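A closer look at the structure
Listed here are the chains, written in short residue letters.
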Amino acid sequence: MERFTISLDENLARAFDELIAERGYSNRSEAVRDILRARIEASRLEREAAGHCIANLSYVYNHHERELAERVTQEQHAHHDLCVATLHAHLDHDNCMESVILRGSTAQVRSFAEGLMARPGIRHGALNLVSAEVTGQTHAHPHPHPHPHPHAAAPEDERVPPHGHYRPRS
């Protein structure tokens, strides 16, 4: 492990120590490592639009907005290859929050998220990207499959290609 020394003015050091206490770090080194990892990852994601990611898109919208919920759902269905799951929460009489788990190429995920957040009636949107390696590994399911796997029974030229698994980069 490499060591380095930094100098902070008193106000910044005090604010940093408060952050450390709030977040439950046991020392400054742990906090600095996490801050550096987060900033390096954010910078890399800005540069590498062609890589793959997993992401959480969260937004708040007024469910009384004319047909907005239906349009959002249609958009998610149109991008079913990116949308893994959606959590919907009723905040009050007028507002709902949704969190959508996404996975795919960073460029496609970002484009989908930005398009959805730009829709009229959607507010307070935020996208949290985590870069991921796509592994082509296949796996066996340890349980019997009572449900059909159409890609396995389809003729060779109509089969769905093997799917990849996403693993966050360290």
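This text follows the structure it describes.
If you're wondering where the values come from, they're calculated on a predicted model, not measured in any experiment. (Residues numbered from 1 in each chain as written. Predicted model: local features only at pLDDT ≥ 70, side-chain atom pairs only at ≥ 80, totals over all residues. Heavy atoms only, no water.)

Quick look at the overall build of the protein chain now. Check the secondary structure of the protein chain and you find 5 helices and 5 strands. The helix and strand sequence of the protein chain, counted from the amino end, reads α-α-β-α-β-β-α-β-α-β. Classification of the 170 residues of the protein chain by burial places 24% in the buried group. Excluding contacts between residues fewer than 6 apart, the proportion of contacts in the protein chain whose partners are at least 24 apart in sequence is 71%. Carbon and sulfur atoms make up 54% of the accessible area of the protein chain, which totals about 12,300 Å². (Helix = DSSP H or I, 4+ residues; strand = E, 2+ residues; numbered from the N terminus. Buried < 20%, exposed > 50% of the residue type's maximum accessible area, 1.4 Å probe, protein only. Contact = heavy atoms within 4.5 Å. Areas by Shrake-Rupley, 256 points an atom, 1.4 Å probe, with all protein chains shown as cover.)

For helix 1 (residues 10-23), with 14 residues, the first-to-last C-alpha span of 20 Å sits near the 20 Å given by 1.5 Å per residue. Within helix 1, the full set of buried residues consists of Ala13, Phe16 and Ile20. Axial view of helix 1: buried residues confined to an arc of 65°, hence all on one face. Relative to its buried face, helix 1 has exposed residues pointing more than 90 degrees away, namely Glu10, Asn11, Ala21 and Glu22. Looking at where helix 1 begins, the residue whose side-chain oxygen comes 3.1 Å from the main-chain nitrogen of Asn11 is Asp9. Residue Gly24 follows helix 1 closely and has a positive phi angle near 80°. (Expected span 1.5 Å × (residues − 1). Arc of directions from axis to C-beta. Polar contact = N/O pair within 3.5 Å; in protein donor to acceptor, adjacent residues only side chain to side chain.)

Using the criterion set out here, one finds 4 salt bridges in the structure. One salt bridge connects Arg37 with Asp34, and the closest N-O pair in it is separated by 2.8 Å. On the criterion of helical spacing, the pair formed by Arg37 and Asp34 is a turn pair, its members being 3 residues apart in helix 2 (residues 28-47). The closest approach of N and O atoms between Glu75 and Arg119, which form a salt bridge, is 3.1 Å. Here Arg119 lies in the loop between helix 4 (106-117) and strand 4 (122-135) and Glu75 lies in helix 3 (residues 68-78), a separation of 44 residues in the sequence. Glu75 sits in the partly exposed class, given a relative accessible area of 24%. (Salt bridge = Lys/Arg side-chain N within 4 Å of Asp/Glu carboxyl O.)

Now for the nonpolar core. Grouped together as the largest cluster of nonpolar side chains are 18 residues, with contacts concentrated most on Leu57, Tyr59, Leu102, Val109, Phe112, Leu116 and Ile122. Looking at this core, the elements with two or more residues in it are strand 1 (52-62), helix 3, strand 3 (95-105), helix 4 and strand 4. Of the residues forming this core, the biggest block, 5 residues, is contributed by strand 1. Sequence-distant contacts of Tyr59, that is, excluding residues within four places in its chain, are made with Val72, Gln76, Cys96, Met97, Glu98, Val100, Leu116, Ile122, Arg123, His124 and Gly125. (Core = buried A, V, L, I, M, F, W, Y, C linked by side-chain atoms within 4.5 Å.)

Within helix 3 the residues assigned to the buried category are Leu68, Val72 and Gln76. What you see down the axis of helix 3 is that its buried residues fit within an arc of 75°, all on one side. Turned more than 90 degrees away from the buried face of helix 3, the exposed residues are Gln74, His77 and Ala78.

Moving on, we get to unusual backbone geometry. A negative phi holds for most residues other than glycine; trans holds for most peptide bonds. A positive phi angle, close to 55°, is found at Glu67, a residue other than glycine. Turning to its location among the elements, Glu67 is positioned in the loop between strand 1 and helix 3. Of note in this structure, His124 is not a glycine but carries a positive phi near 55°. Within the fold, His124 resides in strand 4.

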